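# Structural description and commentary
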Amino acid sequence: MPVQLLSNLTLAEPIVNAPMAGAAGGRLAAAVSAAGGLGMVGIGGGVEQDWLDRELTLAAASGRPWGAGMLAWVLDGGLDPVRRVLEHRPTLLCVSFGDPGSATGLAKDAGVITAMQIGNAADLARALEDDIDVIVCRGSEGGGHGRNEVATLPLLQFVLEKTDKPVIAAGGIATARGVAAVLAAGASAAWVGTRFAACAESMSADSLKRSIAQASVDDTVYTRAFDVAQRIPWPHEFGGRALRNRFSDQWAEHVDELEADVDAGDELTDRVNAARVAGDVSVAPVYAGQSAGLTDGVGSAADVVADLARFREFLRGAASRW
(Lines give C-alpha, C1' and ligand atoms only; values in the text may rest on other atoms or scores of the structure.)
Protein backbone atom coordinates (compact mmCIF):
# COMPACT_ATOMS: atom_id res chain seq x y z
CA MET A 1 0.00 0.00 0.00
CA PRO A 2 1.43 3.45 -0.89
CA VAL A 3 2.56 5.65 1.98
CA GLN A 4 1.23 9.21 2.07
CA LEU A 5 3.91 11.23 3.82
CA LEU A 6 2.16 14.51 3.05
CA SER A 7 -0.83 15.43 0.92
CA ASN A 8 1.53 16.11 -1.98
CA LEU A 9 3.98 13.25 -1.43
CA THR A 10 3.01 9.60 -1.79
CA LEU A 11 5.60 6.81 -1.81
CA ALA A 12 5.33 3.11 -2.55
CA GLU A 13 7.73 2.39 0.33
CA PRO A 14 8.47 4.46 3.45
CA ILE A 15 12.21 4.47 2.73
CA VAL A 16 14.42 7.55 2.28
CA ASN A 17 18.11 7.37 1.55
CA ALA A 18 20.10 9.81 3.66
CA PRO A 19 21.60 12.65 1.57
CA MET A 20 25.20 11.69 2.29
CA ALA A 21 27.63 14.11 0.65
CA GLY A 22 30.20 12.08 -1.26
CA ALA A 23 28.01 8.97 -1.40
CA ALA A 24 24.46 9.97 -2.34
CA GLY A 25 24.58 11.36 -5.85
CA GLY A 26 22.01 11.46 -8.61
CA ARG A 27 22.43 7.83 -9.62
CA LEU A 28 21.66 6.57 -6.11
CA ALA A 29 18.75 8.98 -5.67
CA ALA A 30 17.19 7.93 -8.97
CA ALA A 31 17.57 4.24 -8.12
CA VAL A 32 15.93 4.63 -4.70
CA SER A 33 13.07 6.66 -6.17
CA ALA A 34 12.56 4.16 -9.00
CA ALA A 35 12.35 1.39 -6.38
CA GLY A 36 9.51 3.20 -4.62
CA GLY A 37 11.33 5.17 -1.93
CA LEU A 38 12.45 8.79 -1.82
CA GLY A 39 15.90 9.25 -3.34
CA MET A 40 18.02 12.08 -1.94
CA VAL A 41 21.16 13.82 -3.23
CA GLY A 42 23.68 15.01 -0.64
CA ILE A 43 25.15 18.45 -1.32
CA GLY A 44 28.23 19.41 0.70
CA GLY A 45 30.24 22.61 0.66
CA GLY A 46 32.15 23.91 -2.34
CA VAL A 47 30.46 21.78 -5.00
CA GLU A 48 30.83 22.97 -8.58
CA GLN A 49 27.74 24.02 -10.49
CA ASP A 50 28.40 21.52 -13.27
CA TRP A 51 28.49 18.69 -10.73
CA LEU A 52 25.32 19.95 -9.06
CA ASP A 53 23.41 20.26 -12.33
CA ARG A 54 24.55 16.84 -13.50
CA GLU A 55 23.65 15.01 -10.29
CA LEU A 56 20.28 16.72 -9.83
CA THR A 57 19.36 16.00 -13.44
CA LEU A 58 20.20 12.34 -12.83
CA ALA A 59 18.09 12.30 -9.66
CA ALA A 60 15.08 13.67 -11.50
CA ALA A 61 15.42 11.17 -14.35
CA SER A 62 13.31 8.51 -12.63
CA GLY A 63 10.25 10.72 -12.94
CA ARG A 64 9.44 9.87 -9.29
CA PRO A 65 9.64 12.11 -6.21
CA TRP A 66 13.20 12.94 -5.14
CA GLY A 67 14.94 15.37 -2.85
CA ALA A 68 18.16 17.08 -1.86
CA GLY A 69 19.94 17.66 1.43
CA MET A 70 21.96 20.81 2.15
CA LEU A 71 24.07 22.11 5.05
CA ALA A 72 22.71 25.16 6.84
CA TRP A 73 26.16 26.36 7.92
CA VAL A 74 27.39 26.31 4.31
CA LEU A 75 24.47 28.54 3.31
CA ASP A 76 25.65 31.29 5.67
CA GLY A 77 27.64 32.45 2.66
CA GLY A 78 24.49 33.02 0.57
CA LEU A 79 21.43 31.29 -0.82
CA ASP A 80 22.47 30.97 -4.47
CA PRO A 81 23.08 27.21 -4.06
CA VAL A 82 19.51 26.81 -2.82
CA ARG A 83 18.15 28.71 -5.81
CA ARG A 84 20.20 26.48 -8.10
CA VAL A 85 18.79 23.35 -6.50
CA LEU A 86 15.22 24.65 -6.69
CA GLU A 87 15.62 25.22 -10.43
CA HIS A 88 15.66 21.42 -10.73
CA ARG A 89 12.28 21.17 -8.98
CA PRO A 90 12.96 18.64 -6.22
CA THR A 91 10.02 17.28 -4.28
CA LEU A 92 11.71 17.83 -0.92
CA LEU A 93 14.57 19.97 0.37
CA CYS A 94 16.19 19.13 3.71
CA VAL A 95 18.35 21.86 5.32
CA SER A 96 20.15 20.78 8.48
CA PHE A 97 23.10 21.34 10.82
CA GLY A 98 22.42 24.89 11.90
CA ASP A 99 19.48 27.23 11.47
CA PRO A 100 17.97 26.85 7.98
CA GLY A 101 17.39 30.61 7.92
CA SER A 102 15.67 31.75 4.73
CA ALA A 103 16.49 28.63 2.71
CA THR A 104 13.34 26.78 3.71
CA GLY A 105 11.26 29.88 3.03
CA LEU A 106 12.57 29.95 -0.54
CA ALA A 107 11.72 26.27 -0.91
CA LYS A 108 8.18 26.69 0.37
CA ASP A 109 7.65 29.63 -1.97
CA ALA A 110 8.65 27.28 -4.79
CA GLY A 111 6.14 24.65 -3.68
CA VAL A 112 8.83 22.31 -2.35
CA ILE A 113 8.36 20.27 0.83
CA THR A 114 10.85 21.28 3.53
CA ALA A 115 12.60 19.13 6.11
CA MET A 116 15.19 19.54 8.86
CA GLN A 117 17.27 16.99 10.75
CA ILE A 118 17.17 17.34 14.52
CA GLY A 119 19.34 15.76 17.20
CA ASN A 120 18.20 17.33 20.46
CA ALA A 121 15.40 19.36 22.06
CA ALA A 122 16.77 22.71 20.89
CA ASP A 123 16.85 21.51 17.28
CA LEU A 124 13.27 20.32 17.64
CA ALA A 125 12.11 23.75 18.83
CA ARG A 126 13.43 25.23 15.57
CA ALA A 127 11.93 22.44 13.45
CA LEU A 128 8.49 23.07 14.93
CA GLU A 129 8.37 26.48 13.23
CA ASP A 130 6.05 26.91 10.27
CA ASP A 131 8.72 26.81 7.55
CA ILE A 132 9.53 23.15 8.27
CA ASP A 133 7.08 20.53 6.97
CA VAL A 134 8.85 17.30 7.92
CA ILE A 135 11.10 16.54 10.90
CA VAL A 136 13.97 14.08 10.47
CA CYS A 137 14.68 12.68 13.93
CA ARG A 138 18.34 11.59 13.82
CA GLY A 139 19.77 9.65 16.74
CA SER A 140 23.40 9.42 17.74
CA GLU A 141 23.81 5.93 16.23
CA GLY A 142 23.73 7.44 12.76
CA GLY A 143 26.73 7.63 10.51
CA GLY A 144 28.29 10.80 9.20
CA HIS A 145 27.79 14.18 10.77
CA GLY A 146 25.29 15.02 13.46
CA ARG A 147 24.89 15.37 17.18
CA ASN A 148 25.95 12.70 19.65
CA GLU A 149 23.50 13.56 22.43
CA VAL A 150 20.41 11.33 22.20
CA ALA A 151 19.90 7.85 20.76
CA THR A 152 17.32 7.27 18.06
CA LEU A 153 14.55 5.59 20.05
CA PRO A 154 14.40 8.07 22.98
CA LEU A 155 14.64 10.99 20.56
CA LEU A 156 11.91 9.57 18.32
CA GLN A 157 9.54 9.09 21.25
CA PHE A 158 10.26 12.61 22.47
CA VAL A 159 9.59 14.15 19.07
CA LEU A 160 6.40 12.18 18.40
CA GLU A 161 4.95 13.39 21.69
CA LYS A 162 5.63 17.02 20.73
CA THR A 163 4.27 17.34 17.20
CA ASP A 164 1.74 16.18 14.63
CA LYS A 165 4.13 16.93 11.76
CA PRO A 166 5.36 13.93 9.79
CA VAL A 167 8.47 12.50 11.44
CA ILE A 168 11.12 10.46 9.65
CA ALA A 169 13.30 8.32 11.92
CA ALA A 170 17.05 8.19 11.29
CA GLY A 171 20.08 6.65 12.94
CA GLY A 172 20.97 2.97 13.15
CA ILE A 173 18.26 1.71 10.78
CA ALA A 174 19.51 -0.85 8.25
CA THR A 175 17.10 -3.81 8.28
CA ALA A 176 13.41 -4.53 7.83
CA ARG A 177 13.19 -5.04 11.60
CA GLY A 178 14.54 -1.54 12.19
CA VAL A 179 12.08 -0.04 9.73
CA ALA A 180 9.22 -1.91 11.41
CA ALA A 181 10.31 -0.66 14.82
CA VAL A 182 10.25 3.03 13.95
CA LEU A 183 7.04 2.78 11.93
CA ALA A 184 5.33 1.00 14.82
CA ALA A 185 6.42 3.83 17.11
CA GLY A 186 4.76 6.38 14.85
CA ALA A 187 7.37 7.50 12.34
CA SER A 188 6.12 8.13 8.81
CA ALA A 189 9.25 6.73 7.15
CA ALA A 190 12.78 5.48 7.79
CA TRP A 191 15.89 7.45 6.78
CA VAL A 192 18.68 5.01 5.92
CA GLY A 193 22.27 6.01 5.30
CA THR A 194 24.96 3.43 5.94
CA ARG A 195 23.35 0.59 4.03
CA PHE A 196 22.86 2.78 0.97
CA ALA A 197 26.43 4.11 1.28
CA ALA A 198 27.63 0.56 0.60
CA CYS A 199 25.29 -0.19 -2.31
CA ALA A 200 26.25 -0.37 -5.97
CA GLU A 201 24.95 3.08 -6.95
CA SER A 202 26.73 4.91 -4.13
CA MET A 203 29.54 7.28 -5.17
CA SER A 204 31.74 5.89 -2.38
CA ALA A 205 34.95 4.15 -3.45
CA ASP A 206 34.84 0.36 -3.55
CA SER A 207 37.33 0.15 -0.69
CA LEU A 208 34.99 2.20 1.51
CA LYS A 209 32.03 0.00 0.60
CA ARG A 210 33.99 -3.13 1.47
CA SER A 211 35.08 -1.73 4.81
CA ILE A 212 31.46 -0.92 5.72
CA ALA A 213 30.34 -4.42 4.75
CA GLN A 214 33.11 -5.97 6.88
CA ALA A 215 32.50 -3.83 9.98
CA SER A 216 30.73 -4.82 13.18
CA VAL A 217 28.27 -2.82 15.27
CA ASP A 218 30.99 -1.66 17.64
CA ASP A 219 33.54 -0.60 15.02
CA THR A 220 32.61 3.10 14.82
CA VAL A 221 33.83 6.21 16.58
CA TYR A 222 32.29 9.67 16.93
CA THR A 223 34.90 12.39 16.51
CA ARG A 224 35.83 15.74 15.00
CA ALA A 225 39.31 14.50 14.17
CA PHE A 226 38.78 13.90 10.45
CA ASP A 227 37.27 17.37 9.94
CA VAL A 228 40.05 19.05 11.90
CA ALA A 229 42.70 17.20 9.91
CA GLN A 230 41.12 18.22 6.60
CA ARG A 231 40.41 21.79 7.77
CA ILE A 232 36.70 21.40 7.05
CA PRO A 233 34.90 24.07 9.11
CA TRP A 234 32.04 21.99 10.51
CA PRO A 235 30.53 23.64 13.61
CA HIS A 236 32.02 22.06 16.72
CA GLU A 237 28.69 20.60 17.89
CA PHE A 238 28.53 18.35 14.84
CA GLY A 239 31.14 15.63 14.91
CA GLY A 240 31.06 12.63 12.60
CA ARG A 241 30.55 8.93 13.19
CA ALA A 242 32.97 6.88 11.11
CA LEU A 243 34.60 3.48 11.10
CA ARG A 244 37.55 3.23 13.45
CA ASN A 245 40.89 3.17 11.68
CA ARG A 246 44.54 3.82 12.33
CA PHE A 247 44.06 7.59 12.09
CA SER A 248 41.11 7.72 14.50
CA ASP A 249 42.89 5.42 16.95
CA GLN A 250 45.66 8.00 17.13
CA TRP A 251 43.65 11.22 17.10
CA ALA A 252 39.97 10.75 18.02
CA GLU A 253 40.60 11.38 21.71
CA HIS A 254 43.32 14.01 21.15
CA VAL A 255 41.61 16.62 19.01
CA ASP A 256 43.27 19.56 20.78
CA GLU A 257 46.72 18.16 19.97
CA LEU A 258 45.58 17.47 16.41
CA GLU A 259 44.45 21.08 15.99
CA ALA A 260 47.87 22.25 17.11
CA ASP A 261 49.61 19.93 14.63
CA VAL A 262 47.36 21.07 11.77
CA ASP A 263 48.00 24.71 12.65
CA ALA A 264 51.73 24.04 12.52
CA GLY A 265 51.81 22.74 8.94
CA ASP A 266 50.15 20.92 6.07
CA GLU A 267 51.58 17.42 6.52
CA LEU A 268 48.56 15.87 8.28
CA THR A 269 46.03 17.56 6.04
CA ASP A 270 47.87 16.45 2.92
CA ARG A 271 48.09 12.89 4.24
CA VAL A 272 44.36 12.58 4.93
CA ASN A 273 43.40 14.22 1.65
CA ALA A 274 45.73 11.90 -0.26
CA ALA A 275 44.23 8.91 1.56
CA ARG A 276 40.75 9.97 0.50
CA VAL A 277 41.79 10.17 -3.13
CA ALA A 278 43.50 6.79 -2.92
CA GLY A 279 40.68 5.11 -1.00
CA ASP A 280 43.07 4.26 1.85
CA VAL A 281 40.61 3.37 4.61
CA SER A 282 43.35 3.11 7.23
CA VAL A 283 43.64 6.91 7.19
CA ALA A 284 40.66 8.35 5.27
CA PRO A 285 37.29 8.73 6.99
CA VAL A 286 34.67 6.12 6.19
CA TYR A 287 31.51 7.69 7.52
CA ALA A 288 29.14 4.97 8.71
CA GLY A 289 26.77 4.38 11.59
CA GLN A 290 26.53 1.56 14.09
CA SER A 291 24.32 -0.15 11.52
CA ALA A 292 27.51 -0.94 9.57
CA GLY A 293 27.38 -4.21 11.48
CA LEU A 294 24.04 -4.92 9.78
CA THR A 295 25.37 -4.22 6.29
CA ASP A 296 26.97 -7.41 5.02
CA GLY A 297 27.03 -6.91 1.26
CA VAL A 298 26.87 -4.35 -1.51
CA GLY A 299 23.88 -5.16 -3.74
CA SER A 300 21.85 -2.55 -5.62
CA ALA A 301 19.67 0.22 -4.23
CA ALA A 302 16.63 -1.66 -5.51
CA ASP A 303 17.78 -4.74 -3.57
CA VAL A 304 18.11 -2.67 -0.40
CA VAL A 305 14.66 -1.09 -0.78
CA ALA A 306 13.08 -4.50 -1.46
CA ASP A 307 14.76 -5.98 1.61
CA LEU A 308 13.73 -3.09 3.85
CA ALA A 309 10.18 -3.38 2.50
CA ARG A 310 9.90 -6.69 4.39
CA PHE A 311 9.07 -4.56 7.43
CA ARG A 312 5.42 -5.56 6.87
CA GLU A 313 6.25 -9.14 7.89
CA PHE A 314 7.53 -7.96 11.25
CA LEU A 315 4.62 -5.60 11.87
CA ARG A 316 2.17 -8.43 11.15
CA GLY A 317 4.14 -10.75 13.40
CA ALA A 318 4.07 -8.26 16.27
CA ALA A 319 0.33 -7.69 15.83
CA SER A 320 -0.37 -11.43 15.92
CA ARG A 321 1.72 -11.93 19.07
CA TRP A 322 -0.04 -9.16 20.97
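Small disclaimer: the values here were computed from a predicted structure and weren't measured. (Residues numbered from 1 in each chain as written. Predicted model: local features only at pLDDT ≥ 70, side-chain atom pairs only at ≥ 80, totals over all residues. Heavy atoms only, no water.)

## Remarks on the environment of Arg54
Tracing the backbone shows Arg54 in helix H2 (residues 49-60). Assessed through its relative accessible area of 43%, Arg54 is described here as partly exposed. Sequence separation of Arg54 and Glu161 is 107 residues, and the distance between their C-alpha atoms is 40 Å. Of note is the side chain of Arg54, whose polar atom sits 3.2 Å from the side chain of Glu55. (Helix = DSSP H or I, 4+ residues; strand = E, 2+ residues; numbered from the N terminus. Buried < 20%, exposed > 50% of the residue type's maximum accessible area, 1.4 Å probe, protein only. Polar contact = N/O pair within 3.5 Å; in protein donor to acceptor, adjacent residues only side chain to side chain.)

## A word on the layout of surface pockets
Size it by volume and the second largest pocket reaches roughly 190 Å³. Elements with a minimum of two residues in the lining of the second largest pocket: H2, strand E5 (66-71) and helix H3 (80-86). Residue composition of the lining of the second largest pocket, by class: 8 nonpolar, 4 polar and 3 charged. (1 Å grid on protein atoms, 1.4 Å probe; cavity = no way out; pocket = protein on both sides within 12 Å on 5 of 7 lines; lining within 4 Å. Points joined across faces, edges and corners; volume = space filled by probe spheres on them. Nonpolar A, V, L, I, M, F, W, Y, C, P; charged D, E, K, R; others polar.)

## Observations regarding the state of the cysteines
Under the counting rule described, the total for this entry stands at 0 disulfides. As a non-bridged cysteine, Cys137 has Cys94 as the owner of its nearest cysteine sulfur, 12 Å distant. When its relative accessible area of 0% is taken as the criterion, Cys137 is described as buried. In this structure Cys199 is a free cysteine whose sulfur lies 19 Å from that of Cys94, the closest cysteine sulfur available. (Disulfide = S-S within 2.5 Å.)

## A short note on the nonpolar core
Within the largest apolar cluster, 60 residues are counted, with the highest numbers of intra-cluster contacts made by Trp191 and Phe196. Excluding anything up to four places from it in sequence, Trp191 contacts Val16, Ala18, Pro19, Met40, Cys94, Gln117, Val136, Ile168, Ala169, Ala170, Gly171 and Ile173. Ranked by size, the runner-up nonpolar core spans 21 residues in total, among them Ala29, Trp66, Leu86 and Leu93. (Core = buried A, V, L, I, M, F, W, Y, C linked by side-chain atoms within 4.5 Å. Contact = heavy atoms within 4.5 Å.)

## A closer look at unusual backbone geometry
It is generally the case that most residues other than glycine have a negative phi and that most peptide bonds are trans. A positive phi angle is found at Arg89, which is not glycine, with a value near 55 degrees. We classify Arg89 as exposed; its relative accessible area is 67%.

## Considerations on the packing of aromatic side chains
Inspection of the entire model under this criterion finds 6 aromatic pairs. With 5.2 Å between their ring centres and 70 degrees between their planes, Phe97 and Trp234 make a pair best called edge-to-face. Separated by 137 residues along the polypeptide, Phe97 in the loop between strand E6 (92-96) and helix H4 (103-109) and Trp234 in the loop between helix H10 (225-230) and strand E13 (239-243) bring together distant segments of the chain. Judged on exposure class, the residue Phe97 and its partner Trp234 are both buried. Clustering of aromatic rings is evident, with ring pairs tying together Trp73, Phe97, Trp234 and Phe238. (Phe/Tyr/Trp six-rings, centres within 6.5 Å; stacked < 30°, edge-to-face > 60°.)

## A look at the side chain of Thr223
Note on placement: Thr223 falls in strand E12 (residues 220-223). Within polar-contact distance, the side chain of Thr223 engages the backbone nitrogen of Ala225 at 3.0 Å.

## Some thoughts on the sheet that holds strand E9 (residues 144-146)
Strand order in the open sheet formed by 3 strands is E9-E13-E12, with antiparallel pairing between adjacent strands. Unpaired on one side and paired on the other, E9 and E12 mark the two borders of the sheet. Shown here is a sheet whose adjacent strand axes are inclined to one another by a mean of 25 degrees, direction ignored. Bridge count between E9 and E13: 3 bridges; the pairing is antiparallel. Counterpart to His145 in the pairing with E13 is Gly240. (Pairing = 2+ DSSP bridges. Axes fitted to C-alpha atoms, helices over the stretch in contact; angles between N-to-C directions.)

## Focus on the sheet that holds strand E8 (residues 134-138)
The 8 strands are arranged E3-E11-E10-E8-E7-E6-E5-E4 in an open sheet whose pairing can be described as parallel. With one partner strand each, in any of the chains shown, strand E3 (15-17) and strand E4 (39-42) form the two edges of the open sheet. The average undirected angle you get between the axes of adjacent strands in this sheet is 25 degrees. Where E4 and E5 come together, 4 bridges link them in parallel fashion. Bridge pairing in E5 links Gly39 to Trp66. Each of E4 and E5 is contacted by H2, which is oriented at about 175 degrees to E4, the strand it contacts most.

## Comments concerning the pattern of salt bridges
The full count for this structure, using the stated rule, is 16 salt bridges. The salt bridge partner of Arg54 is Glu55, with a shortest N-O separation of 3.2 Å. Residue Glu55 is classed as buried on the basis of its relative accessible area of 6%. A salt bridge links Glu267 to Arg271; the nearest nitrogen and oxygen atoms lie 3.6 Å apart. Of this pair, Glu267 and Arg271 both sit in helix H13 (residues 267-278), 4 residues apart, which is roughly one turn of that helix. Given the relative accessible area of 55%, Glu267 is considered exposed. Judged by its relative accessible area of 30%, Arg271 is partly exposed. Via salt bridges that share partners, Asp99, Arg126, Glu129 and Asp131 belong to a single interconnected network. (Salt bridge = Lys/Arg side-chain N within 4 Å of Asp/Glu carboxyl O.)

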